[in-house]
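# Notes for the structure review
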Amino acid sequence: GEWATPDLIQEMAKRPVLAKGMNNPRYQAALQELQKDPKAGAEKFDKDPELKRFLTEFCEVMGSHFVKLGGGKAEPPSTPALPTDEEKQKMGPLAAEVVEAAARGEGPEPAKTPAEQSEVDKIVSNEELRTLLMDPKTQELMQRCSDPREFQLAMR
């Protein structure tokens, strides 16, 4: 059977560390390196806290998923950790809100229709747009522009 089930995809999508990491070529290379030589890979990546956090969450989610697929009773993966102040600063205020909500078990409402999901996928796959939206300064501007007066000031 197919191992990449909708449950797995949903679990990974609600974890911002995993969602971000799965789009990062360096993290993808780390996963491939761990498959080839787990011990050497683990030692190498142990020095990078962000990558280590991604790999820990990834392994936890995948382990739980494969136990379930095998018919066993798996403990549900732990709730994602809250981001540190430094991580919040790097990711920007809007992304930080989403990450904190996910850590509390809340999250964005899933797409209601295939067309809506297609639109979301199109936006997320656009590297230029994704980079712009994830920029902390852009997020701060968007947050300020929710106030009509601030919006008018920004447009001048």
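Heads up: the structure comes first, above all this text.
### Some remarks on helix α1 (residues 6-13)
- Within the sequence span of α1, burial applies to Leu 8, Glu 11 and Met 12. For α1, the buried positions fall inside an angular range of 95 degrees around the axis, keeping them on one side. Of the exposed residues in α1, the ones pointing more than 90 degrees away from its buried face are Pro 6, Ile 9, Gln 10 and Ala 13.
- Buried residues along α1 sit in contact with α2 (16-22) and α5 (49-69).

### Notes on a nonpolar patch on the surface
- There is a patch of nonpolar side chains on the surface, built from Val 120, Ile 123, Val 124, Leu 133 and Met 142 and spanning about 360 Å² of accessible area.
- Per-element tally for the nonpolar patch: the top contributor is helix α8 (residues 114-125), with 3 residues.
- Mapped onto the fold, Val 124 is located in helix α8.

How each quantity is defined
- Residues numbered from 1 in each chain as written.
- Predicted model: local features only at pLDDT ≥ 70, side-chain atom pairs only at ≥ 80, totals over all residues.
- Heavy atoms only, no water.
- Buried < 20%, exposed > 50% of the residue type's maximum accessible area, 1.4 Å probe, protein only.
- Helix = DSSP H or I, 4+ residues; strand = E, 2+ residues; numbered from the N terminus.
- Arc of directions from axis to C-beta.
- Contact = heavy atoms within 4.5 Å.
- Patch = residues over 30% accessible without salt bridge, like charges linked within 9 Å, V, L, I, M, F, W, Y side chains within 5 Å.
- Areas by Shrake-Rupley, 256 points an atom, 1.4 Å probe, with all protein chains shown as cover.
- Salt bridge = Lys/Arg side-chain N within 4 Å of Asp/Glu carboxyl O.

In short, the description is geometric, and any link to function would need to be established separately.
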